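# Inside the fold
Listed here are the chains, written in short residue letters.
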Amino acid sequence: SQTIHQWPATLVQPVGSPLSLECTVEGTSNPNLYWYRQAAGRGLQLLFYSVGIGQISSEVPQNLSASRPQDRQFILSSKKLLLSDSGFYLCAWSVRGPNTEAFFGQGTRLTVV
Amino acid sequence: DQQVKQNSPSLSVQEGRISILNCDYTNSMFDYFLWYKKYPAEGPTFLISISSIKDKNEDGRFTVFLNKSAKHLSLHIVPSQPGDSAVYFCAATPYGNNRLAFGKGNQVVVIP
């Protein structure tokens, strides 16, 4: 069966520090991968998605970047965190093809102080 | 611009009764619709979906209805159980896209 791992679960970082969140998927090949963010009182916002190694699309301009160095590994990064980067970050995967559901990791609660 | 809207952010319902959650969307290109359930500090869990070629999909206690002309869908949970207490997100995507647009969520509290 497929599983998705995301870490760390919680993170407190000072403003201006770098960020690296990692996500890996097991039990499937060539998945679509996604990073979402849920800010306080808001829905889930798609930040990045990837259809293959090295292929990253950004949905919104922001202080973050994403990379996919391996087929089932997706990394969310920032060189210098802002207070507004605080939120609940979720990695997700889906199979290729139309009309398929996304499966989410447990999420990372990031607090920038 | 919120393309998927969930009003009435919270709902309280007695155990055994029906919970009805509503969702409206503005993008006429949306072709596939999903509902997710989320507990605090966890990732959302997929519940049920519906394609635009259907107007109803049922899975156990969960039924999703789609009204394309009104750009409206709803989730019915019957009977409601205490374990259903969670935040429910409506999501939608255009055909072949798989990039989900989410609503803000509805908090459901089932009272034993």
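All residue numbers here refer to positions counted from 1 along the written sequence of the relevant chain. Think of it this way: whatever chain is written first is A, whatever ligand is written first is 1, and the rest follow in order. The model is predicted, so local features are restricted to residues of pLDDT at least 70 and side-chain atom pairs to those at 80 or more, both for listing and for counting; the totals for chains, interfaces and linings are taken over all residues. Hydrogens are left out, water is left out, and the side-chain values use all remaining heavy atoms of the structure.

### Topic: the nonpolar core
Quick note on the threshold: Take the buried Ala, Val, Leu, Ile, Met, Phe, Trp, Tyr and Cys residues and link them wherever side-chain atoms come within 4.5 Å; each set so joined is a nonpolar core. For the exposure calls, accessible area comes from a 1.4 Å probe over protein chains only, and a residue counts as buried if that area is under 20% of its type's maximum, exposed if over 50%, partly exposed in between. To qualify as a helix, a DSSP run of H or I must reach at least 4 residues; to qualify as a strand, a run of E must reach at least 2; elements of each kind are numbered from the N terminus. Throughout, a contact is declared for two residues whenever any of their heavy atoms are within 4.5 Å.
Counting residues in hydrophobic clusters, the biggest one holds 24 residues, and the most contacted among them are Phe33(B), Trp35(B), Leu73(B), Leu75(B) and Tyr88(B). For this core, the secondary-structure elements that each account for two or more residues are strand 3 (19–25), strand 4 (30–38), strand 5 (45–51), strand 7 (62–67), strand 8 (72–77), strand 9 (86–94) and strand 11 (106–111) of chain B. Ranked by residue count, the leading element in this core is strand 9 of chain B, at four residues. Residues within four places of Leu73(B) in sequence aside, it is in contact with Leu21(B), Asn22(B), Cys23(B), Tyr25(B), Phe33(B), Trp35(B), Val64(B), Phe65(B), Leu66(B) and Cys90(B). Leu11(A), Cys23(A), Phe48(A) and Leu110(A) belong to the second-largest nonpolar core, a separate cluster that totals 20 residues.

### Regarding the packing of aromatic side chains
This is how the line gets drawn: In this scheme Phe, Tyr and Trp rings, the latter by its six-membered ring, pair at centre separations within 6.5 Å, and the angle between planes marks the pair as stacked below 30 degrees, edge-to-face above 60, and tilted otherwise.
Tallied over the full model, the rule gives twelve aromatic pairs over all chains. Ring centres of Phe104(A) and Tyr36(B) lie 5.5 Å apart, and the angle between their planes is 90 degrees; this geometry places the pair in the edge-to-face category. Here Phe104(A), found in strand 10 (residues 103–104), pairs with Tyr36(B), found in strand 4, and the two come from separate chains. The pair Phe104(A) / Tyr36(B) is uniform in exposure class, with both members buried. Ring centres of Tyr25(B) and Phe33(B) lie 4.7 Å apart, and the angle between their planes is 40 degrees; on these two criteria the pair is classed as tilted. Using a relative accessible area of 1% as the deciding quantity, one classes Phe33(B) as buried. Every member of this aromatic cluster is reached through a ring pair, and the members are Tyr34(A), Tyr36(A), Phe104(A), Tyr36(B), Phe46(B), Phe89(B) and Phe102(B).

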